[in-house]
Amino acid sequence: MAEWIISILLLIGGSFVLVGSIGLVKMPDFFMRLHGPTKATTLGMACLLTAAIVFFSQSEAGISVKEILISIFLLLTAPISGYMLIKSAIHHKLDSIERTKGKDNIEDDV
């Protein structure tokens, strides 16, 4: 049964990482491009790390702490780095296309 759970988590995680990577390449501007790595790829890596936790808990005694620490680090740093990249792009007045939503919520730098 554990093999099925691991296989499903690996397929779901790989699919999310693939969709996030395609979004990174195919989106038209920087603001839209940032959603691929920060949303889909983070969720995909969480699925892959959960599969690793299940696998190593079956093959070794106890739950592996390394994968849990990697998951926590990933889930904390991806949104923060995405926020910092967006703030830097806003500060440098990076151009965006008309379809980019939320441009009217951007405050001017003082």
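Everything below is about the structure printed above this text.
Predicted model only: the values in this text are computed from it and were never measured.

Right, let's talk about the overall build of the protein for a bit. For the protein, the count of helices and strands is four helices and zero strands. Listing every helix and strand of the protein by position from the N terminus yields α-α-α-α. Computed over its C-alpha atoms, the radius of gyration of the protein comes to 18 Å, more than 25% above the 13 Å expected for a compact globule of 110 residues. Judged by the C-alpha coordinates and their principal axes, the protein covers about 55 × 25 × 15 Å. The 110 residues of the protein split such that 26% are buried.

Within the element layout of this structure, Ala 61 appears in the loop between helix 3 (35-59) and helix 4 (65-91). The class of Ala 61 is exposed, set by a relative accessible area of 83%. C-alpha of Ala 61 to C-alpha of Leu 85: the two residues are 24 residues apart in sequence and 41 Å apart in space.

What follows is about the packing of aromatic side chains. Evaluated as defined, the whole model comprises two aromatic pairs. Centroid distance Phe 30 to Phe 31: 5.9 Å. Interplanar angle 75°. Geometry classified as edge-to-face. Residue classification places Phe 30 among the partly exposed residues on the basis of a relative accessible area of 25%. On the basis of an interplanar angle of 70° and a centroid distance of 5.1 Å, the ring pair of Phe 55 and Phe 56 is categorised as edge-to-face. Judged by relative accessible area, which is 43%, Phe 55 ranks as partly exposed. Since its relative accessible area comes to 28%, Phe 56 is described here as partly exposed.

What follows deals with the side chain of Thr 41. Note on placement: Thr 41 falls in helix 3. Filtering out sequence-adjacent residues up to four positions away, Thr 41 remains in contact with Phe 16, Val 17, Gly 20, Ser 21 and Gly 36.

Turning to the environment of Gly 13, a few remarks are in order. Assignment of secondary structure puts Gly 13 in helix 1 (residues 2-26). The class of Gly 13 is buried, set by a relative accessible area of 0%. Residues Gly 13 and Ile 97 lie 84 residues apart in sequence; the distance between their C-alpha atoms is 30 Å. When near neighbours in sequence (up to four residues on either side) are disregarded, Gly 13 contacts Gly 44, Cys 47 and Leu 48.

Moving on, we get to helix 3. Residues spaced three or four apart along an α-helix face the same direction, because each turn holds 3.6 residues. End to end, helix 3 covers 36 Å across 25 residues, agreeing with the expected 36 Å (1.5 Å per residue, within 8%). Along its length, helix 3 reaches its greatest deviation from straightness, about 35°, at Thr 41. Within helix 3, the full set of buried residues consists of Gly 36, Thr 38, Ala 40, Thr 41, Thr 42, Gly 44, Cys 47, Leu 49, Ala 51, Ala 52, Ile 53 and Val 54. Of the surrounding secondary structure, the elements contacted by the buried residues of helix 3 are helix 1, helix 2 (30-33) and helix 4.

The rules behind these values
Residues numbered from 1 in each chain as written. Predicted model: local features only at pLDDT ≥ 70, side-chain atom pairs only at ≥ 80, totals over all residues. Heavy atoms only, no water. Helix = DSSP H or I, 4+ residues; strand = E, 2+ residues; numbered from the N terminus. Rg over C-alpha atoms; globule rule 2.2 N^0.38 Å. Buried < 20%, exposed > 50% of the residue type's maximum accessible area, 1.4 Å probe, protein only. Phe/Tyr/Trp six-rings, centres within 6.5 Å; stacked < 30°, edge-to-face > 60°. Contact = heavy atoms within 4.5 Å. Expected span 1.5 Å × (residues − 1). Bend = angle between axes of the 7 residues up to and from the residue.

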